[in-house]
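Report on the structure
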Amino acid sequence: MFKSAPADSGITRAAASVPSKMSKTQNSSEVDLTQERKVTRIGDWVAPAPSSKLGEYQRMADDDEAREPGLRGALQCVGSCVVGRIPMLGWLPQYDVRNDFFYDFIGGATIALICLVQTLAHAAIATTKVIQGPYCAFVPPFVYAVLGTSPHASISSGAIAAILIADQLQYFHDEEERTELASLLALISGGMLVAMGLCRAAYAVRFLSQSLISGFVTGGSVLILVGQLKNLLGLEKMRHAIGVIDQVRAICEALPETQVIGLCLGLSMIMVLQVMMWLKKYTVAQLKSQGPHPSWMKPAKIVSEMKELVLVGISIAFAIFTCNGDEPILPVVGTIPPGLPPFQVPWRLPAAKSMLETHFRLQEFFMGGFLVALTSFLTTYATSKKQALQHGYQIDASQEMFALGMAGTCGSFFGSFTPSGSLSRTSLAGEVGVRTQMSGLMKIVVVGTSLKFLTPVLYYLPKATLAAIILRSTWQLVDFKTPKTLWSSWRPYHQGGMRRDFVVWWIAFVLTVFLGVLWGIGAAVFVSVAMIVHDAAMPRTVTLGRIESLGNIWRDVEVWSEGRTFPGVLTVEFRGPLSFASADWFMEELERKKFLEAKRGNKVHVVVLSFGSVHDLDKTAIEMFRDLLTVWR
């Protein structure tokens, strides 16, 4: 039963429409707040009187009604749409060559050199030819520079994307096949991102929770650590293995063939990497403190930032000086085709044609491409968003999805696998002073020059060094702190616990390690969505009691045991949307609570419903209320 306010209560319609502190303003005599209240499903507002001194509404610059009518207005609309899809047309005409070019060139060149080495390692993670890594740093950065909205995003290869790619390619034994199929996978995932970006479907990544990503990345890191033991130990003749258990078995079988010199070099490079990381941490902390600072500190910081490049230089020099004639004494990368990547249609490559004709794992390949697309976008957008917040600019999530998809799609025609952002490189872009997307154009100059002239030198790059770089960088992705934190909050969800997140983390981790990334992410997403659907269909219905010690506020008596209830009165709060999915559940819970009260000897005569937590009602819920009131009468 609901009662309206008495006529002499002093509550007016206008005062009921706004908080009490806002119902009286300094110019209340000049503003008529008793106008008809405009109510929508989004919110409500009270229109000012025509005679109000508040002035006219100021329209936004992109408001349709603010544009000039006629042909000029239509051209303005078309121009804004084109610039929205190709942001380069907006920033390039205003580019300040005198103030920005130097920083963009130096920053782009620095990141390109680091990127060149990291992409070699990421290609090893993806189990493709190592040259496919640098190909990711050529066309995709250029496309993103034209279409992207973040000046600091470093687009090329990424460790997490490489994990997913390797999971999809593990069923193919030949490295050439895996390399060709990786380009096809880039086309599939890129096309999906383009379609989702055009449909403004960036919200899809919200189904990948932080616990899910942490569990999957940790499981994928375990797969990488196991997979790279082959290169660290120099097991050139180890058989191809599928799955972590089979890989461990194959490594144990091939242990007698361990290449001792390569193993010693790899372990030494891991130690050097660790020292470099300590040096970077120390120099950054010292340079942030008040000076003066020693003259060697800034060069030391720069060297520590380019630690992978330093390791590659040391390792190549070691391999050259220890050659037995013309042949290296330890396993090396070998011949890398010089020159820029050739144009090749992905679906016409032999391995891709065979898959499309035989349909071998074609369905799984498309499903994997969807997960690769979502995960690569999530990692790219998260790192770019962090830099945007730090530097005070905005990025468009849907445009970022479109730009990354186009980068992958165009790159697939030039031998690239799925590109992604990198947290370390994106953070470095802000530190070295990158100012615009022009740095991405500078990157392709450096990478293209390196591909043209430096590939013969990379012949002597030891595989153990690549394995050392991968192992040390991958170890940082292993995250067992998250499940430990979640376990410390092992309480029911409605009590603020994180039991659900703990379960999702372990599902993603265990299934990723033992069944593969597709199963790990897929099962964890399914469980997460099932929990969301459960909450929507069965929200909590709690009995409220008055807490007199806190000013007579009402709280859940299950949590606040001191809450006072009154004989014959049942006060219930429904915490969720009341719709067709939850209407029956609400009625069942109400009847159950009435039955429990009667069983305790407290016959209910009055039911008070608190709907402060109900943010939505639909037709089914309204009809349910009518039926309920009819029965109660």
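It should be emphasised that the depicted structure is a prediction, and the values quoted were computed from it without experimental measurement.

What follows is about the pattern of salt bridges. Within this structure, the stated rule accounts for 20 salt bridges. Notably, a salt bridge pairs K129 with E176, separated by 2.3 Å at the nearest N-O pair. On the criterion of sequence distance, the pair formed by K129 in the loop between α4 (97–125) and α5 (132–136) and E176 in helix α8 (residues 175–198) is long-range, its members being 47 residues apart. The exposure class of K129 is partly exposed, given its relative accessible area of 32%. The closest approach of N and O atoms between E236 and K463, which form a salt bridge, is 3.5 Å.

On to the sheet that holds strand β5 (residues 569–575). Taken in spatial order, the four strands line up as β4-β3-β5-β6 in an open sheet, and their pairing is mixed. Each of the sheet's edge strands pairs with one partner strand only, and the pair in question is β4 (553–556) and β6 (606–610). Along the sheet, successive strands turn relative to each other by an average axial angle of 40 degrees, direction set aside. Where helix α25 (residues 583–599) meets the sheet, it contacts β3 (540–547), β5 and β6, and its direction lies at approximately 150 degrees from that of β5.

Evaluated as defined, the whole model comprises 21 aromatic pairs. On the basis of an interplanar angle of 20 degrees and a centroid distance of 6.2 Å, the ring pair of F101 and F105 is categorised as stacked. Separated by four residues within a single helix, F101 and F105 lie in helix α4, roughly one turn from each other. Since its relative accessible area comes to 35%, F105 is described here as partly exposed. With a centroid separation of 5.7 Å and an interplanar angle of 80 degrees, the aromatic rings of F102 and Y103 are classed as edge-to-face. Using a relative accessible area of 54% as the deciding quantity, one classes F102 as exposed.

The subject of this paragraph is helix α23 (residues 499–515). The terminal C-alpha atoms of α23, which comprises 17 residues, lie 23 Å apart, in line with the 24 Å expected from a rise of 1.5 Å per residue. Along α23, the positions that sit buried rather than exposed are F502, V504, W505, A508, F509, T512 and V513. An end-on view of α23 places all buried positions within 165 degrees of arc, on one side of the element. Contacts made by the buried residues of α23 are with α9 (210–227), α11 (244–254), α22 (481–488) and α24 (517–537). Of the residues one or two after α23, G516 is the one with positive phi, at around 115 degrees.

What counts and how
- Throughout this description, residue numbers start from 1 for each chain and increase along the sequence as written.
- Residues qualify for local features only when their pLDDT is at least 70, as the model is predicted, and side-chain atom pairs are given and counted only at 80 or more; totals for whole chains, interfaces and linings, by contrast, use all residues.
- Only hydrogens and water are removed before side-chain values are computed, so all heavy atoms of the structure are retained for them.
- Definition used for salt bridges: Asp or Glu carboxyl oxygen within 4 Å of a side-chain nitrogen of Lys or Arg.
- The numbering of helices and of strands both runs from the N terminus, where a helix is a DSSP run of H or I of at least 4 residues and a strand a run of E of at least 2.
- Note on classification: 1.4 Å probe, protein chains only; a residue is buried when its accessible area is under 20% of the maximum for its type, exposed when over 50%, partly exposed between these limits.
- If DSSP finds at least two bridges between two strands, the strands pair.
- Every angle, taken between N-to-C directions, lies between 0 and 180 degrees, and every axis is a line fitted to C-alpha atoms, over only the stretch in contact when it is a helix.
- In this description, contact between two residues means that some pair of their heavy atoms is separated by no more than 4.5 Å.
- Between rings of Phe, Tyr and Trp, where Trp is taken as its six-membered ring, a pair exists when centres lie within 6.5 Å; planes separated by under 30 degrees are stacked, by over 60 edge-to-face, and by other angles tilted.
- Expected span, for any helix, means 1.5 Å times one less than how many residues it has.
- It is the directions from the helix axis to the C-beta atoms that the arc portrays.

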